[in-house]
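Inside the fold
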Amino acid sequence: MSRKELISEIGLRLDGRRAHELRRIRCKLGVFTQPDGSAYLEQGLTKVLAAVYGPHQVRGNRTKAQHDSAIVNCQFSMAVFSTTDRKKRPRGDRKSTEMSIHLRQALLAAIKVELYPWSQIDVYVEVLHADGGVYPACVNAATLALIDAGIPLKEYVCACTASLANNDVPMVDISHQEEIIGGPTLTVAALPMSGKVVLMEMSQRFHLDHLPKVLDKALQGCKDIKTILDEAVRRHVEDVGSSSGWGNTSEKART
Amino acid sequence: MELETDIVAHAFGSARLRLANTDVLVAVKIEVEVPFPEQPDEGKIEFFVDCSANATPDFEGRGGEELAMEIANSLAGAYKSTQAFDLSSLCIMKGRKCWKLLVDILILECGGNLYDAVSIAVKAALWNTRIPKVLSVHLDGNKVEMDVSDNVHDCEKLDVARAPIMVTISKIGDHCVVDPSSAEEQCSTASVVVAVSQKRFTTILQSSSGALHPTTLMDCLKMGCEVATQLDMALLQILMKTPSQKDIGFLL
């Protein structure tokens, strides 16, 4: 009986990556016109769409409105065809509700809610293809969508998964196959520039002595993701800005 | 109108349609099931529509369920006729095993004219669907043993030439308008959705509150039929062209 090793002797993982390598990230801001901000993010094979509406007046229950900050409302939903086995319900089950709460927790740490009293910001995330690292992809996509919507953030919120292979080698950005085969998974959402951790969640278990190095790996992963996202945002701003003349209205400035 | 097929990896067939501000993603999965006792030599087809909250905040939670139900039911009605979609091609063993097509529709953006976009995307996804070839099937006692080909390229395609296309016709003022945008939909007095397959109607439904005079109704239906036939021909032409190998998806 052969058991697949998470890391082979020469240091390659199941999909050919090294322990510190992230999967390929491709992203695009402003995919839709209806929402105020939208983003599409691919992390390996995991594909996520995020849409942001707001800030707008509080919908539904007016008593929920707060006098000193905006309400952030998140919804996490997975398409029925996103997993190998067809999902019966896209949202409303316990896992989706839990993910929505975690997403909200991560985003609240970065959004400057005190600038929009009596308002509501809606963040909707739709998973089109789930292949491991769904929560980090959602957080990263939501950050991009918030930036596209022009909502002020303290800094980027990036998330990453990390795991321990062969009981002593920490790996970053876990794919679905690696999750299934074994190994504990540590999911970390952080503010990369200040190094603060916003959300940390772990499945299975490993010895406490290993925690610092796995956490370090995950935080490094978050920093790397932030660099990639930042580049994408700058490229998008360049595209949008240069096509509208950088908002210059005088004739002289155009030459 | 932008159409892209084969974008969902896990599905047997998929399509994405972008029609101005309307964005629809369709994936087709298949399962093996026991056929209905009244129709032992026919397969099954089931539609599931999910209105994502990305489209409008009103669709959050269970808000979009009503609209989703309506669209799913109208599609089921349109595909019920055997002349439109032949379910007997999905039969594996009469009375015992058949293929069940699960068509999942995800509405990502709602810019008016939802029925048309959904029906075109569904037809494209069904055209793109590859059903694995059943090499042999025999009865072993009371159990059915099926041998399905392992080769990914050894598969059958569905015959969707006669699959229905839906067209929405709205009456605005004195004129009948096809393909209304969301602004036009809101100021129309009434609108009719027709599902047309090979010049025959498979379903007609009135989708908004408002009354139509019978002559206006007949005009609308005639116009809908013409437009649907043209759309159908154009769609089949596009689908026949060899697809490009680029994986674009949402990145473009």
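Quick notes on the rules
- Residues numbered from 1 in each chain as written.
- Chains lettered and ligands numbered in written order.
- Predicted model: local features only at pLDDT ≥ 70, side-chain atom pairs only at ≥ 80, totals over all residues.
- Heavy atoms only, no water.
- UniProt positions renumbered as here; feature names shortened; annotations may be inferred.
- Helix = DSSP H or I, 4+ residues; strand = E, 2+ residues; numbered from the N terminus.
- Rg over C-alpha atoms; globule rule 2.2 N^0.38 Å.
- Buried < 20%, exposed > 50% of the residue type's maximum accessible area, 1.4 Å probe, protein only.
- Contact = heavy atoms within 4.5 Å.
- Areas by Shrake-Rupley, 256 points an atom, 1.4 Å probe, with all protein chains shown as cover.
- Lys, Arg positive; Asp, Glu negative; His and termini not counted.
- Charge placed at Lys NZ, Arg CZ, Asp CG, Glu CD.
- Core = buried A, V, L, I, M, F, W, Y, C linked by side-chain atoms within 4.5 Å.
- Pairing = 2+ DSSP bridges.
- Axes fitted to C-alpha atoms, helices over the stretch in contact; angles between N-to-C directions.
- Left-handed = near helix turned anticlockwise from the far one by under 90°.
- Nonpolar A, V, L, I, M, F, W, Y, C, P; charged D, E, K, R; others polar.

- By the naming in an unreviewed UniProt entry, chain B goes by Ribosomal RNA-processing protein 42 and is assigned to Ignelater luminosus.
- Recorded under Sequence similarities (unreviewed entry), the UniProt text for chain B is reproduced unchanged: "Belongs to the RNase PH family."

- An unreviewed UniProt entry lists chain A under the name Putative exosome complex component RRP41, with Ignelater luminosus as the source organism.
- Recorded in UniProt for chain A, the comment headed Function (unreviewed entry) runs: "Non-catalytic component of the RNA exosome complex which has 3'->5' exoribonuclease activity and participates in a multitude of cellular RNA processing and degradation events."
- Regarding chain A, the relevant UniProt record gives this comment under Subunit (unreviewed entry): "Component of the RNA exosome complex."

1. Structural notes on the overall build of chain A
- A tally of regular secondary structure across chain A gives 5 helices and 9 strands.
- In sequence order, the secondary structure elements of chain A are arranged as β-β-β-β-α-β-α-β-β-α-β-β-α-α.
- Relative to the compact-globule value of 18 Å for 255 residues, chain A shows a C-alpha radius of gyration of 20 Å, a close match.
- In chain A, which comprises 255 residues, the proportion classed as buried is 53%.
- Here the analysis covers contacts within chain A between residues at least 6 apart in sequence; of these, 67% occur between residues at least 24 apart.
- Accessible surface, chain A as shown: approximately 12,300 Å² in total, 51% of it carbon and sulfur.
- Across chain A, the 33 positively charged side chains and the 29 negatively charged ones have centroids separated by 4 Å.

2. A closer look at the nonpolar core
- The biggest cluster of nonpolar side chains holds 63 residues, and the ones touching the most others in it are I111, V123, V125 and L146 of chain A.
- The leading source of residues in this core is helix 2 (residues 134-149) of chain A, at 11 residues.
- The residues contacting V123 of chain A, other than those within four sequence positions of it, are A51, V52, N73, C74, Q75, L107, A142 and L146 of chain A.
- The next biggest cluster of nonpolar side chains, apart from the first, holds 62 residues, and it includes V49, A55, A68 and W127 of chain B.

3. Considering the sheet that holds strand 5 (residues 119-129) of chain A
Residue and element names in this part refer to chain A.
- Pairing within the open sheet is mixed, and its 5 strands lie in the order 1-2-3-5-4. The open sheet has two edge strands, strand 1 (25-29) and strand 4 (71-78), and neither has a second partner. The average angle at which neighbouring strand axes cross in this sheet is 15°, direction not considered.
- With 5 bridges connecting them, strand 1 and strand 2 (residues 37-43) associate as antiparallel partners. Bridged to K28 within strand 2 is Y40.
- In the packing of helix 1 (residues 94-108) onto the sheet, contacts are made with strand 4 and strand 5, and the angle to strand 4 comes to roughly 140°.

4. As for the environment of L41 of chain A
All names here are of chain A.
- Within the secondary structure layout, L41 lies in strand 2.
- Assessed through its relative accessible area of 0%, L41 is described here as buried.
- Taking the C-alpha atoms as reference points, L41 and V127, 86 residues apart in sequence, are found 9.9 Å from one another.
- In this structure L41 touches I25, R26, C27, T46, K47, V48, A137, N140, A141, L144 and L229, once residues within four positions along its chain are discounted.

5. Section: the pairing of strand 6 (residues 158-165) of chain A
Residues and elements named next belong to chain A.
- Burial analysis of strand 6 places 8 of its 8 residues in the buried class, which makes it a mostly covered element.
- Across the two faces of strand 6 the burial is the same, with C158, C160, A162 and L164 and A159, T161, S163 and A165 all buried.
- The pairing of strand 6 with strand 8 (residues 185-191) spans 6 bridges and is antiparallel. In the strand pairing of strand 8, T161 is matched with T187.

6. Focus on the sheet that holds strand 12 (residues 175-178) of chain B
All names here are of chain B.
- Read from one edge to the other, the open sheet built from 4 strands follows the order 12-11-13-14, with strand pairing classed as antiparallel. The open sheet has two free edges, formed respectively by strand 12 and strand 14 (200-206), since each of these has just one partner strand. Ignoring which end each strand starts from, the neighbouring axes of this sheet average 25° apart.
- The pairing of strand 11 (residues 165-172) with strand 13 (residues 190-197) spans 7 bridges and is classified as antiparallel. Across the sheet, residue I165 finds its bridge partner in strand 13, namely V196.
- Sheet strands in contact with helix 1 (residues 65-78) are strand 11, strand 13 and strand 14, and its direction is about 155° off that of strand 14.
- Sitting on the sheet, helix 4 (residues 214-240) is in contact with strand 11, strand 12, strand 13 and strand 14, with an inclination near 140° to strand 11.

7. What about the packing of helix 2 (residues 114-128) of chain B against helix 4 of chain B?
All names here are of chain B.
- At their nearest, the axes of helix 2 and helix 4 sit 11 Å apart, and the two run at 35° to each other. The element helix 2 and its partner helix 4 pack so that their crossing is right-handed. In contact with I120, K123, A124 and W127 of helix 2, helix 4 contributes L231, D232, L235, L236, L239 and M240.
- Residues that form the contact of helix 2 with helix 4 fall into these classes: 8 nonpolar, no polar and 2 charged.

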